[in-house]
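What the coordinates show
Listed below are the residues making up each chain.
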Amino acid sequence: MPVLLAPQRAPALSKLLQDADSVGLGCALAGSSPDASRLIGGIGSLNTSGPAEISFLSNPRLQGQLADSQAAAVILRAEDWETYQQQHPQAPAWVPVLCTQPYLMYALLAQWFDQHRIAGLPRGIHPSAVVSPDAILEDGVHVGPLAVIESGTRIQTGTRIGAGCTIGPDCQIGPDCYFHAHVTLYHGVKVGARAILHSGAVLGADGFGFAPDPRTPGAWAKIAQLGGVSIGDDVEIGANTTVDRGAVEDTVLGNGVKLDNQIMIGHNCRIGDHTAMAACVGVAGSTTMGQRCVIGGAAMFGGHLTLADDVHISGGTAVTSDILTPGRYTGVFPVAEHHTWQHNAAVIGQLAQLRKRIRVAEKQAARLSEPPMNNKQDTQ
């Protein structure tokens, strides 16, 4: 990975760890004479990092890469450092940074570098942007080329609105958000602090609501979607993901929700805090998911369902009924050679009939196994 910061902006190792430790994850330098003053300008993998970068070891199977790593420092568990010392008595070229959660520490450091990258980008209102006179943009807001900010919208300090974004009327956007290019918010959408919305995300489009209209055979009458969309803090929404507005109440995404690319969230859904979904998930309207759920890619949810907290759904699973107990649920038929799959599918199609036949056979077997009745003859 290329170095992210020039030497004059690169922090010393001790300062970097201190800054990234703001969420309470402690790290300690190890070794006989650790050099805490080394300048760290980037972060990378063990086998690609250079002398100005920090790396990490989270998978013990990659421990063999430590000996040849050219990184300035490596984050690793105490037990992995002890194993390395037993195999390599000489001091390594890199500074060992002991941490109970190396992968999490890597994530925090990556955030730190990305935030400093963003902080170095230009800010201001681009001349080609269209901002309504009554929109409120607080200090430090950036609006990119050809973006549109409509009437009544308020954007709090530090938020970046990328090129070509459209923010509809009466939206509320919290501080320090980052909207990449071509994000669209319809009217009345609320977004909390530190949200990240990737290109093509659409929040607040109409939910799929129609009533049969018998006045014309087969016709449908549109149900106007009068609710909105409410997004909590620290939410990330992937590219080309859509979140429909509610019919009457808001569609709600809780704090810390993470949505991958090309996900569909239907109207009136409520997604609990810290729930994460992989790409191509489809959630039909009025579904309620609990907190900390994990949804695998391409899973599908029928409407008006309820999921408990801490439910894990495997990729490709179709969920058609409520899940009220935490746990992992899977409903994917394994792939097979097509001819074999056809035979298996034919058998599955006959399961109901086979079940009836087995029940009849079980009843017949039970009758045959019954002992014969002792009919005593009257000898009197």
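Residues numbered from 1 in each chain as written. Predicted model: local features only at pLDDT ≥ 70, side-chain atom pairs only at ≥ 80, totals over all residues. Heavy atoms only, no water.

What about the pairing of strand β20 (residues 219-222)?
Remark: a regular strand shows side chains that alternate across the two faces of the sheet. Examined bridge by bridge, strand β19 (residues 210-213) and β20 share four bridges and lie antiparallel to one another. Counterpart to Ala211 in the pairing with β20 is Ala221. If you look at the hairpin formed by β19 and β20, you'll find five residues sitting between the two strands, and Gly218 has a positive phi there, around 80°. (Pairing = 2+ DSSP bridges. Helix = DSSP H or I, 4+ residues; strand = E, 2+ residues; numbered from the N terminus.)

Quick notes on the pattern of salt bridges
This structure, assessed with the given rule, holds eleven salt bridges. Taking the shortest distance from any N to any O, the salt bridge between Arg38 and Asp35 comes out at 3.7 Å. By relative accessible area, which is 27% here, Arg38 ends up partly exposed. Two residues, Asp213 and Arg215, come together in a salt bridge whose shortest N-O distance is 2.8 Å. Among the ionic contacts, a cluster of salt bridges with common partners joins Arg292, Asp309 and Asp310. (Salt bridge = Lys/Arg side-chain N within 4 Å of Asp/Glu carboxyl O. Buried < 20%, exposed > 50% of the residue type's maximum accessible area, 1.4 Å probe, protein only.)

Regarding the sheet that holds strand β35 (residues 327-329)
Taken together, the ten strands give an open sheet; going across it, the order is β8-β11-β14-β17-β22-β25-β28-β31-β33-β35, and neighbouring strands pair in parallel fashion. The open sheet has two edge strands with one neighbour each: β8 (142-143) and β35. The sheet contact formed by strand β31 (residues 294-295) and strand β33 (residues 311-313) spans two bridges and is parallel. Its bridge partner being in β33, Ile295 is matched across the sheet by Ile313.

What about the packing of helix α1 (residues 13-20) against helix α3 (residues 102-119)?
Geometry of a packed helix pair, given as the angle between the helix axes and the separation of the axes. Between α1 and α3, the least distance of the axes is 9 Å, while the angle of their chain directions is 100°. Between α1 and α3, the angle falls in the class roughly perpendicular. Of α3, the residues touching α1 (which contributes Leu16, Leu17, Asp19 and Ala20) are Met105, Leu108, Leu109, Trp112 and Phe113. Looking at side-chain class alone, the contact of α1 with α3 contains eight nonpolar, no polar and one charged residues. (Axes fitted to C-alpha atoms, helices over the stretch in contact; angles between N-to-C directions. Parallel < 35°, antiparallel > 145°, perpendicular 65-115°, else oblique. Contact = heavy atoms within 4.5 Å. Nonpolar A, V, L, I, M, F, W, Y, C, P; charged D, E, K, R; others polar.)

Structural notes on the packing of aromatic side chains
The final tally for this structure, using the stated rule, is eight aromatic pairs. Taking 4.2 Å as the distance between ring centres and 20° as the angle between the ring planes, the aromatic pair formed by Phe56 and Tyr106 counts as stacked. Of this pair, Phe56 sits in strand β3 (residues 53-56) while Tyr106 sits in helix α3, and the two are 50 residues apart along the sequence. Assessed through its relative accessible area of 16%, Phe56 is described here as buried. Residue classification places Tyr106 among the partly exposed positions, given a relative accessible area of 27%. With a centroid separation of 5.1 Å and an interplanar angle of 70°, the aromatic rings of Phe208 and Phe210 are classed as edge-to-face. (Phe/Tyr/Trp six-rings, centres within 6.5 Å; stacked < 30°, edge-to-face > 60°.)

With respect to a nonpolar patch on the surface
A grouping of Phe333, Trp341, Val347, Ile348, Leu351, Leu354 and Ile358 is seen on the molecular surface, where their side chains present a nonpolar patch of about 620 Å² in accessible area. Contributing elements (two or more residues each) for the nonpolar patch: α4 (338-349) and α5 (351-369). Within the secondary structure, Val347 is located in helix α4. The partly exposed category is assigned to Val347, whose relative accessible area is 44%. (Patch = residues over 30% accessible without salt bridge, like charges linked within 9 Å, V, L, I, M, F, W, Y side chains within 5 Å. Areas by Shrake-Rupley, 256 points an atom, 1.4 Å probe, with all protein chains shown as cover.)

A short note on the pairing of strand β18 (residues 202-205)
In terms of strand pairing, strand β15 (residues 184-185) meets β18 through two bridges, oriented parallel. Across the sheet, Leu185 pairs through a bridge with Leu203, a residue of β18. Judged from the three bridges that link them, β18 and strand β23 (residues 242-244) form a sheet pairing that is parallel. If you follow Leu203 over to β23, its bridge partner there is Val243.

Some points on the sheet that holds strand β12 (residues 166-167)
Taken in spatial order, the ten strands make up an open sheet running β6-β9-β12-β15-β18-β23-β26-β29-β32-β34, and their pairing is parallel. Of all strands in the sheet, those bounded by a partner on one side alone are β6 (130-131) and β34 (318-319). In terms of strand pairing, β23 meets strand β26 (residues 264-265) through two bridges, oriented parallel. Along β26, the bridge assignment pairs Thr242 with Met264.

Section: the environment of Ile155
Examined against the element boundaries, Ile155 turns out to sit in strand β10 (residues 154-155). Placed 23 residues apart in sequence, Ile155 and Tyr178 show a C-alpha to C-alpha distance of 11 Å. Excluding residues within four positions of it along the chain, Ile155 makes contact with Ile136, Leu137, Glu138, Val141, Ile149, Ile161 and Ile173.

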